[in-house]
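# Per-entry structural report
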Amino acid sequence: MVNDVILSLDDVSFGYGDEPVVEEITFSVERGTFLGLVGPNGSGKSTVLKLALGLLTPEDGEISLFGEHPSSDDVRSRVGYVPQRGSEIDRRMPITVEEVVTLGRVPTAGLRPLRRNDRERVNQALRRVGIESLNDRRMGSLSGGQRQRALVARALAADAELLVLDEPTVGIDANARSSLYDLLDSLHHDGMTIVLIDHDLGTLVEHVDMIAQLNRHLEFFGPRDAFLEELSVVGQLAGGW
Ligand code: ADP
C-alpha cells in the first residue's frame, strides 16, 4: 500500500498553561515506519506522543490517527502504548503478566468470556516477546526490560498496528536494552509501525528509519541518513570547519 498514513499532525500547537510547549508541529507517519522522536529534555517529545494518542487535545491544528480523531474509541485498540515507567500500569501491581497481556483482548472480546482463540493470541504474544515463562509473575516484580516486553505483548495480543514507546530503555541495563531493540527491529521487520522516544540518540539512530527532532518546534523531520548527515555537518562546523 502506497502512502498509507497512520498518524498525521498538521500545524499542532499546545501548552499546559500560558507558555507554549510545542508549536506548529507538522509531520506524518506512514505504515511500516520506525520513527524516533528526539530532542533535549523538556523539548515536548512526550507531549507530542500524548497529543498523537488523544490523551491531550491540541490548542491549534489537527491530528489524525488511522484517519480518525485520536481519542475516538475506534482507534484506541489499534495502538499499543508503552508509557514511561512509574505510570499507572506500574501502580496496578497485583496484576500478573498474563492478566496484563489478556487485557489486550478486551477491546475484541468485549464482555463475552474469553475464547480459546483469545487465549491462543495471548500465548502467542507472550512467546513473541520471549516472556512466556513469566506469565504468572506479578507486574510489580518484573525488571524494567521484562515489564516493557509484557506491555509490548499486550499490544500484540490486541493486534495493535502502531506501537508507541516513551523512553522504554530508561533504567534498564545494556543487555536488556539491546534485546528490547532486537525485539522492536524484528516487529518492524514484520511490518509494525513504531514511534519511539529514547534519550540515547546513538542507539536510537542505529534502529529507526525516520527521525523527528523537536525543540518546541519541529527542527528536523526526515530519513535517518539525512539526519546523520546534518548532524555530521553541524559537528564539522562545531569542530572549526
Ligand atoms: P520531553 O518529553 O521532551 O522531555 P515533555 O513533553 O515531557 O518534554 O515536556 C515539555 C514541557 O512541558 C516541559 O517544560 C515540562 O516541564 C512541561 N510539562 C510536561 N508535562 C506537564 C504537565 N502535566 N503540566 C505542566 N507542564 C508540563
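Report on the accompanying structure. (Residues numbered from 1 in each chain as written. Predicted model: local features only at pLDDT ≥ 70, side-chain atom pairs only at ≥ 80, totals over all residues. Heavy atoms only, no water.)

Moving on, we get to the site of the ligand. Inspection of the region around the ligand gives Y16, V21, P40, N41, G42, S43, G44, K45, S46 and T47 as its neighbouring residues. With respect to the ligand, the backbone of S43 contributes an N or O atom lying 3.1 Å from an oxygen atom. Within the backbone of G44, a nitrogen or oxygen atom sits 3.0 Å from an oxygen atom of the ligand. When the ligand is considered free in solution it has 570 Å² of accessible area, and contact with the protein chains removes 53% of it. (Near = heavy atom within 4 Å. Polar contact = N/O pair within 3.5 Å; in protein donor to acceptor, adjacent residues only side chain to side chain. Areas by Shrake-Rupley, 256 points an atom, 1.4 Å probe, with all protein chains shown as cover.)

So, about a negative patch on the surface. Together, D10, D11, E24, E59, D60 and E62 line one region of the surface with negative charge. Looking at the negative patch, the elements with two or more residues in it are β1 (5-14) and β4 (60-65). With respect to the secondary-structure elements, D10 resides in strand β1. Take D10: its relative accessible area is 45%, and that puts it in the partly exposed class. (Patch = residues over 30% accessible without salt bridge, like charges linked within 9 Å, V, L, I, M, F, W, Y side chains within 5 Å. Salt bridge = Lys/Arg side-chain N within 4 Å of Asp/Glu carboxyl O. Lys, Arg positive; Asp, Glu negative; His and termini not counted. Charge placed at Lys NZ, Arg CZ, Asp CG, Glu CD. Helix = DSSP H or I, 4+ residues; strand = E, 2+ residues; numbered from the N terminus. Buried < 20%, exposed > 50% of the residue type's maximum accessible area, 1.4 Å probe, protein only.)

Turning to unusual backbone geometry, a few remarks are in order. Positive phi values are uncommon outside glycine, yet D11 reaches one of about 60 degrees. Relative to the helices and strands, D11 is located in strand β1. In this structure, E167 is a non-glycine residue whose phi angle is positive, near 50 degrees. Tracing the chain through its elements places E167 in the loop between β6 (162-166) and α8 (174-189).

Looking now at the sheet that holds strand β2 (residues 22-30). Strand order across the open sheet formed by three strands is β2-β1-β4, with antiparallel pairing between neighbours. The open sheet has two free edges, formed respectively by β2 and β4, since each of these has just one partner strand. Within the sheet, the average angular offset between the axes of one strand and its neighbour, ignoring direction, is 10 degrees. Pairing geometry for β1 and β4, over five bridges, is antiparallel. Of the residues in β4, the one forming a bridge with S8 is S64. Packed onto the sheet, helix α1 (residues 45-52) meets β1, β2 and β4 and runs at close to 120 degrees relative to β1. (Pairing = 2+ DSSP bridges. Axes fitted to C-alpha atoms, helices over the stretch in contact; angles between N-to-C directions. Contact = heavy atoms within 4.5 Å.)

This brings us to the side chain of S43. In this fold, S43 is placed in the loop between β3 (34-38) and α1. A polar contact of 2.6 Å, which involves the side chain of S43, links it to the backbone oxygen of P40.

With 16 residues, α8 should reach 22 Å at 1.5 Å per residue; the first-to-last C-alpha distance of 22 Å fits that figure. Among all positions in α8, only L180, Y181, L183, L184, L187 and H188 are buried. Along the axis of α8, the buried residues cluster in a sector spanning 155 degrees; they form a single face. The outward face of α8, more than 90 degrees from its buried face, is lined by the exposed residues A174, N175 and H189. Summarising the contacts, the buried residues of α8 are in contact with β3, α6 (116-128), α7 (144-157), β6, β7 (193-197) and α9 (201-207). By the N-cap criterion, in which a side-chain oxygen at the helix start approaches the backbone nitrogen of a residue two or three places on, α8 is capped by D173, the distance to N175 being 3.2 Å. At the C-terminal side of α8, G191 shows a positive phi close to 105 degrees. (Expected span 1.5 Å × (residues − 1). Arc of directions from axis to C-beta.)

With that settled, the discussion passes to empty space enclosed by the protein. Overall, the coordinates contain two cavities of 30 Å³ or more when judged by the stated rule. There is about 30 Å³ of room inside the second largest cavity. Around the second largest cavity sit L7, L49, A52, L53, L65, L162, V164 and V195, which together line it. Going through the elements one at a time, α1 and β6 are the ones with two or more residues in the lining of the second largest cavity. Residue composition of the lining of the second largest cavity, by class: eight nonpolar, no polar and no charged. (1 Å grid on protein atoms, 1.4 Å probe; cavity = no way out; pocket = protein on both sides within 12 Å on 5 of 7 lines; lining within 4 Å. Points joined across faces, edges and corners; volume = space filled by probe spheres on them. Nonpolar A, V, L, I, M, F, W, Y, C, P; charged D, E, K, R; others polar.)

Right, let's talk about the environment of G15 for a bit. Note that G15 resides in the loop between β1 and β2. Sequence separation between G15 and E68 is 53 residues; the distance between their C-alpha atoms is 23 Å. If we skip the residues at most four places from it in the chain, G15 touches P20, V21 and E59.

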